[in-house]
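Each chain, written out:
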Amino acid sequence: MKNYIVFDLEWNQSPEGKSNSIERMPFEIIEIGAVKMSADLQIISQFHRLITPQVYTKLHYVISEVTHMDMGKLKAEGEPFTEAVREFIQWCGRDCRFCTWGSMDLMELQRNMEFYGVEIPFERPLYYYDVQKLYGITAKDGKEKLSLDHAVEELGIEQSRPFHQALDDAYYTGMVLRHMKADAWQPYISMDYYWVPTVPEEQVTLKFPTYSKFVSRTFETKEDALADKVVSDVVCPHCRRMLRKKMRWFSLNQKQYFSLGVCPDHGYVRGKIRMKKAENGKIYAVKTMKATDETGAKSVFEKKEEQRKKRHQRSDIKKVKRALTPPASGIRRQSL
Ligand SMILES: [Zn+2]
């Protein structure tokens, strides 16, 4: 059986903002905290390291405020990232499943590893549990994203430790996981997007109780992604049948696209594509397909109508602009 590695990172960023930030590593890790839990969610070990930063050597004021960390302590008690992360990976052991609060920690961990030239030994694709998402699914409507202290409060977990320190936050995240019904959260695994497929054979389909998810390979542009047949297919999440589309994919903001299909056995299926940027700057698509009812179908039709109106408005504005702009060959006002 796999152990769960529930971990939390604290990081620093450029104190001068984006202008002095390194694109490949916007967040430099200064603390790793983790608890190892057995398959039945008992804490069997813990891990904690402070890290002396090498790139952003002044603490961003928000970071020092939130984490109560200071550079003196990091210099005195910290070790280099490369050492700390090697010890962490070794402590994790071979067969483990990562759990984090939110979807950022694994991404930033791998960015730091890449930056410092540490080999990344993780499986590809890398699956993990986003406990924040799991809490949203089991206790809320699945869309809400609560803070860790909020969830701890709601679950009535004893708050004997401070928040916003890596080891304590890892401990609380583990406690939240333990307080939820395992069969309610276990099906909802997440895929980490530091690594994404680059060829069709690597594309990923995940099936969940109420929806399915498809992660495409990378493309040069959104248009290329949307022109790909596998990306644009609408498939029933229950019977995998390819569905006839009630409408073409459309978008309100060029990031999310929607479509609607109908399964003869399972009714309406809403397709949603999020276009995302991979680490190498290329585009990949994350498509979810979810069975929906009349109300859900109606809301897709309404979005479509909204998009149609927007498009008309845009073309009206263009027409007005054209009418107001004198033709290039027209009479110009004489300059003084
Ligand atoms: Zn079906």
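Reading guide: rules and limits
- Residues numbered from 1 in each chain as written.
- Predicted model: local features only at pLDDT ≥ 70, side-chain atom pairs only at ≥ 80, totals over all residues.
- Helix = DSSP H or I, 4+ residues; strand = E, 2+ residues; numbered from the N terminus.
- Buried ≥ 20, exposed ≤ 12 C-beta atoms within 10 Å, placed from the backbone.
- Contact = placed C-beta atoms within 7 Å.
- Expected span 1.5 Å × (residues − 1).
- Domains from an automatic or database assignment.
- Pairing = 2+ DSSP bridges.
- Axes fitted to C-alpha atoms, helices over the stretch in contact; angles between N-to-C directions.

## Points about the overall build of the protein
Across its full length, the protein carries 11 helices and 12 strands. Based on the C-alpha atoms only, the size of the protein along its principal axes is roughly 75 × 70 × 40 Å. In the protein, buried positions account for 28% of the 336 residues. Taking as baseline every contact in the protein between residues at least 6 positions apart, the subset at least 24 positions apart corresponds to 61%.

## As for helix α7 (residues 166–179)
Over its 14 residues, α7 runs 20 Å from end to end, which matches the ideal 20 Å to within 8%, given 1.5 Å per residue. Counting buried positions along α7 yields 11 of 14 residues, so the element is predominantly enclosed. On its buried side, α7 packs onto β1 (3–13), β2 (27–37), β3 (43–50), β4 (96–100), α5 (131–139) and α6 (148–154).

## Things to note about the domain arrangement of the protein
Per the domain assignment, the segments of the protein are domain 1 (3–190) and domain 2 (196–314). Spacing between the C-alpha centres of domain 1 and domain 2 amounts to 31 Å.

## So, unusual backbone geometry
In this chain, arginine 124 is followed by proline 125 through a cis amide linkage whose omega measures -5 degrees. Looking at the element boundaries, proline 125 is found in the loop between α4 (105–115) and β5 (127–130). One non-glycine residue with positive phi stands out, namely leucine 41, at about 65 degrees. In this fold, leucine 41 is placed in the loop between β2 and β3. Residue class for leucine 41 comes out partly exposed when judged on the 15 C-beta atoms lying within 10 Å of it. Of note in this structure, glutamine 254 is not a glycine but carries a positive phi near 65 degrees. Summarising the element assignment, glutamine 254 is placed in the loop between β9 (244–251) and β10 (256–263). A residue is classified by how many C-beta atoms lie within 10 Å of it, and glutamine 254, with 8 of them, is exposed.

## Thoughts on the environment of tyrosine 268
Tracing the backbone through its elements, the reader meets tyrosine 268 in strand β11 (residues 267–277). Here tyrosine 268 falls in the buried class, since 20 other C-beta atoms lie within 10 Å of it. On a C-alpha basis, the gap between tyrosine 268 and lysine 213 in space is 16 Å, while along the polypeptide they are 55 residues apart. Not counting chain neighbours up to four residues away, the residues in contact with tyrosine 268 comprise Leu260, Val262, Ala291, Thr292, Asp293, Gly296 and Ala297.

## A closer look at α5
Of the positions making up α5, those classed as buried are Val131, Gln132, Leu134, Tyr135 and Ile137. The inward-facing, buried residues of α5 contact β4, β5, α6, α7 and α8 (182–185).

## Looking at the sheet that holds strand β12 (residues 283–291)
With antiparallel pairing, six strands are arranged side by side in an open sheet as β7-β8-β12-β11-β10-β9. The open sheet has two edge strands, β7 (204–207) and β9, and neither has a second partner. Mean inter-strand twist for the sheet, computed between neighbouring axes without regard to direction, equals 15 degrees.

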